[in-house]
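Listed below, chain by chain, are the residues.
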Amino acid sequence: MSTPNPFPNLRSDNHCVTSPRTPDYNCIAWAAGETHRRWWPIAGPGWYWPPSLPKVASVDIFVEAFRLIGYEHCDSSEYEPGYEKVALYLSAGGAPTHMARQLISGAWTSKLGPQQDIEHDILGAVEGPAYGRVALFLKRPNPSFNQPTP
Amino acid sequence: MTELLFRLNDDEKRRIEALATPTDEGITYVDGGCFFAQAKHRYQKLPKESSIFVYPHHKGYITIPPEGEAWGRVPFAAKDTFSHAVKAAFEQLQEPEGGVYILADEITGPAEWLPFYSALQEPVPASQLEETRLKHEFERHAAKWYEETMYTSSAVEIVLHASYQRIIGMGPAVLPLVFRDLKDNERDWFWALSSITGKDPVAPEDAGNVPRMRAAWLNWAKQHGYI
């Protein structure tokens, strides 16, 4: 039995690899701007999670974790000058699976588990069996994101 | 009737199937146990090691061929056919001085298995058999786990994967293999190590810091004689 393509929307013309493979951080850490540890809310050894939050992998807890670093809900993934955005992906069952972070260019960057970072034009590029679908967006003020809409 | 399975690619499968003695009864699986014999061989086109799984009637160790793999088959239905098939297979696969390893908890097959035993070289000690069996199982489960979680960030998906849990279930005996893989391949065994040993040598402030967690566990492994 063959394994389904985890990223059926990922094509050579809509993404590029931007880092070597490394298990040192994961997509949540990368979305939060960290590369020295991996994040996940699990009650056990091996992952970092903000100590003030429950280690429960729910949407609310993920949102709370990003509130701690300045993010708040927003309605869309559209580039907004002055704001940095992240997107949360959910499985078909509603469980958080992945996060992507918007770049100043308006494109998105994702860390693929313990593999490489990629830059992808659209959030849908990494939708599919591996990460499900993008479900919500968060933003925080960031003065460096002050260029006009790309 | 019992079936002899060779873990081979398509070319190898065709070659080995040519050895099979046709029977009118077809091929039938017999559950309940197996021998796992690993034989070196002399064919250039074959891999350096081929795995031979034999499923007799006994209470030995059970293993399942991984999905998607091609298996050569030598069917046999009667004592003479069985003996002929096994001997012919080993004559083709085994180097004259090549090692053959039987992995089985109990070698208590029916009478028709006796020719099989005589076709094998001297069995290796039980401790080595167990070590080889464990290594085979660890590598098989580790490969499957890694392949199926290689793009995953979800800790739950990683540590609750069936193969990862199976490795945890192997208990302390698997620790040398886990530590070697942690050192050589830098795969994610932190949860498994904590589950098996009941320990966590990682400083709280280093949670999630993979290089520091790896260093802490490898240091622990040295202190406890695992590496």
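Structural data are supplied above this passage.
Parameters at a glance
- Residues numbered from 1 in each chain as written.
- Chains lettered and ligands numbered in written order.
- Predicted model: local features only at pLDDT ≥ 70, side-chain atom pairs only at ≥ 80, totals over all residues.
- Helix = DSSP H or I, 4+ residues; strand = E, 2+ residues; numbered from the N terminus.
- Contact = placed C-beta atoms within 7 Å.
- Buried ≥ 20, exposed ≤ 12 C-beta atoms within 10 Å, placed from the backbone.
- Expected span 1.5 Å × (residues − 1).
- Arc of directions from axis to C-beta.
- Pairing = 2+ DSSP bridges.
- Nonpolar A, V, L, I, M, F, W, Y, C, P; charged D, E, K, R; others polar.
- Core = buried A, V, L, I, M, F, W, Y, C linked by C-beta atoms within 7 Å.
- Axes fitted to C-alpha atoms, helices over the stretch in contact; angles between N-to-C directions.
- Left-handed = near helix turned anticlockwise from the far one by under 90°.
- Parallel < 35°, antiparallel > 145°, perpendicular 65-115°, else oblique.

Trainee: Got a sec to walk through the overall build of chain B? Specific residues and values, please.
Mentor: Helix and strand counts for chain B come out as nine helices and five strands. When the helices and strands of chain B are placed in sequence order, the string is β-α-β-β-β-α-β-α-α-α-α-α-α-α. Look at the contacts in chain B between residues 6 or more apart in sequence, and 74% of them connect residues 24 or more apart.

Trainee: Outline the overall build of chain A, listing residues and values.
Mentor: Each helix and strand in chain A was counted, giving two helices and seven strands. For chain A, the α and β elements follow one another from N to C terminus as β-α-α-β-β-β-β-β-β. Here chain A holds 150 residues, and 34% of them are scored as buried. Of all intrachain contacts in chain A linking residues separated by at least 6 positions in sequence, the fraction that spans at least 24 positions is 59%.

Trainee: So what's going on with helix α9 (residues 210–223) of chain B? Residues and values would help.
Mentor: An α-helix turns once per 3.6 residues; consequently, residues spaced three or four apart project the same way. Residues and elements named next belong to chain B. The first and last C-alpha atoms of α9 sit 20 Å apart over 14 residues, in line with the 20 Å expected at 1.5 Å per residue. Within α9, burial applies to Val210, Met213, Arg214, Trp217 and Ala221. Considered in projection along α9, the buried side chains sweep an arc of 100 degrees and stay on one side of the axis. Exposed residues lying more than 90 degrees from the buried face of α9 are Asn219, Lys222 and Gln223. Against the buried residues of α9 lie α7 (175–184) and α8 (190–197). Positive phi appears at Gly225, one or two residues downstream of α9, with a value of about 75 degrees.

Trainee: Which residues make up the pairing of strand β6 (residues 117–120) of chain A, and what values go with them?
Mentor: Residues and elements named next belong to chain A. In this structure, strand β1 (residues 15–17) lies alongside β6, joined through three bridges in antiparallel fashion. The partner of His15 across the bridge, within β6, is His120. Sheet topology places strand β5 (residues 108–111) next to β6; four bridges connect them, and they run antiparallel. Note on β6: the bridge partner recorded for Thr109 is Glu119.

Trainee: Could you give an account of the interface of chain B and chain A, naming the residues involved and the relevant values?
Mentor: Counting from both sides, the interface comprises 22 residues of chain B and, opposite them, 26 residues of chain A. Counting only elements with at least two residues in the side of chain B that touches chain A, the list comes to α5 (155–159), α8 and α9 of chain B. Looking at the side of chain B that touches chain A residue by residue, the class counts come to eleven nonpolar, seven polar and four charged.

Trainee: So, unusual backbone geometry: which residues are in play, and what are the values?
Mentor: A positive phi angle, close to 55 degrees, is found at Glu186 of chain B, a residue other than glycine. Within the secondary structure, Glu186 of chain B is located in the loop between α7 and α8.

Trainee: So what's going on with the environment of Tyr25 of chain A? Which residues, and what values?
Mentor: All names here are of chain A. Tracing the chain through its elements places Tyr25 in the loop between β1 and α1 (27–32). Sequence separation between Tyr25 and His36 is eleven residues; the distance between their C-alpha atoms is 6.0 Å. Beyond its immediate sequence surroundings of up to four residues, Tyr25 is in contact with Trp30, Glu34, Thr35, His36, Arg37, Arg38 and Lys111.

Trainee: Kindly report on the nonpolar core, identifying the contributing residues and their values.
Mentor: By size, the foremost hydrophobic cluster in this structure holds 55 residues, and its most contacted members are Ile28, Ala31, Trp39, Val86 and Met99 of chain A together with Val178 of chain B. In this view, Met99 of chain A contacts Cys27, Ile28, Ala31, Val86, Ala87, Leu88 and Tyr89 of chain A; residues no more than four positions away in its chain are not counted.

Trainee: Which residues make up the packing of helix α6 (residues 162–169) of chain B against α8 of chain B, and what are the values?
Mentor: All names here are of chain B. Two numbers describe how α6 lies on α8: the axes approach to 9 Å, and their chain directions differ by 35 degrees. The hand of the α6/α8 crossing is right-handed. Counted together, Tyr164, Ile167 and Ile168 of α6 and Ala192, Ser195 and Ile196 of α8 form the full contact between these two elements.

Trainee: Could you give me a rundown of the packing of α7 of chain B against α9 of chain B, with the residues and numbers involved?
Mentor: All names here are of chain B. At a closest axis distance of 10 Å, the pairing of α7 and α9 adopts a crossing angle of 140 degrees. The angle between the axes of α7 and α9 places the two elements in the oblique class. Like other packed secondary-structure pairs, α7 and α9 cross with a definite hand, here left-handed. Two secondary-structure elements touch here, α7 through Phe179, Leu182 and Lys183 and α9 through Arg214, Trp217, Leu218 and Ala221. Grouping the amino acids of the contact of α7 with α9 by side-chain chemistry returns five nonpolar, no polar and two charged.

Trainee: Describe the sheet that holds strand β3 (residues 83–90) of chain A, listing the residues and the values that go with them.
Mentor: All names here are of chain A. Taken in spatial order, the seven strands make up an open sheet running β1-β6-β5-β4-β3-β7-β2, and their pairing is antiparallel. Looking at the sheet topology across the chains shown, the edges are occupied by β1 and β2 (72–74). Across the sheet, the axes of successive neighbouring strands diverge by a mean angle of 30 degrees, strand direction being ignored. Examined bridge by bridge, strand β4 (residues 96–102) and β5 share two bridges and lie antiparallel to one another. Counted as the bridge partner of Gln102 is Trp108 from β5. Contacts from helix α2 (residues 59–67) reach β2, β3, β4 and β7 (133–141) within the one sheet, and its direction differs from that of β3 by about 160 degrees.

Trainee: With reference to specific residues and values, describe the environment of His73 of chain A.
Mentor: Mapped onto the secondary structure, His73 of chain A falls in strand β2. Taking C-alpha positions, His73 of chain A is 6.4 Å from Lys139 of chain A, a pair spaced 66 residues apart along the chain.

Trainee: Explain the pairing of β3 of chain A to me, using residue names and the numbers behind them.
Mentor: Residues and elements named next belong to chain A. Extensive coverage of β3 is indicated by the burial of six of its eight residues. Sheet topology note: the β3/β7 ladder contains eight bridges and is antiparallel. Bridging across to β7, Glu84 finds its partner in Arg140. Relative to β4, β3 is paired through five bridges, and the arrangement is antiparallel. Looking at the pairing, Tyr89 lines up with His98 of β4. The loop that links β3 with its antiparallel partner β4 comprises five residues; one of these, Gly94, has a positive phi angle of about 90 degrees.

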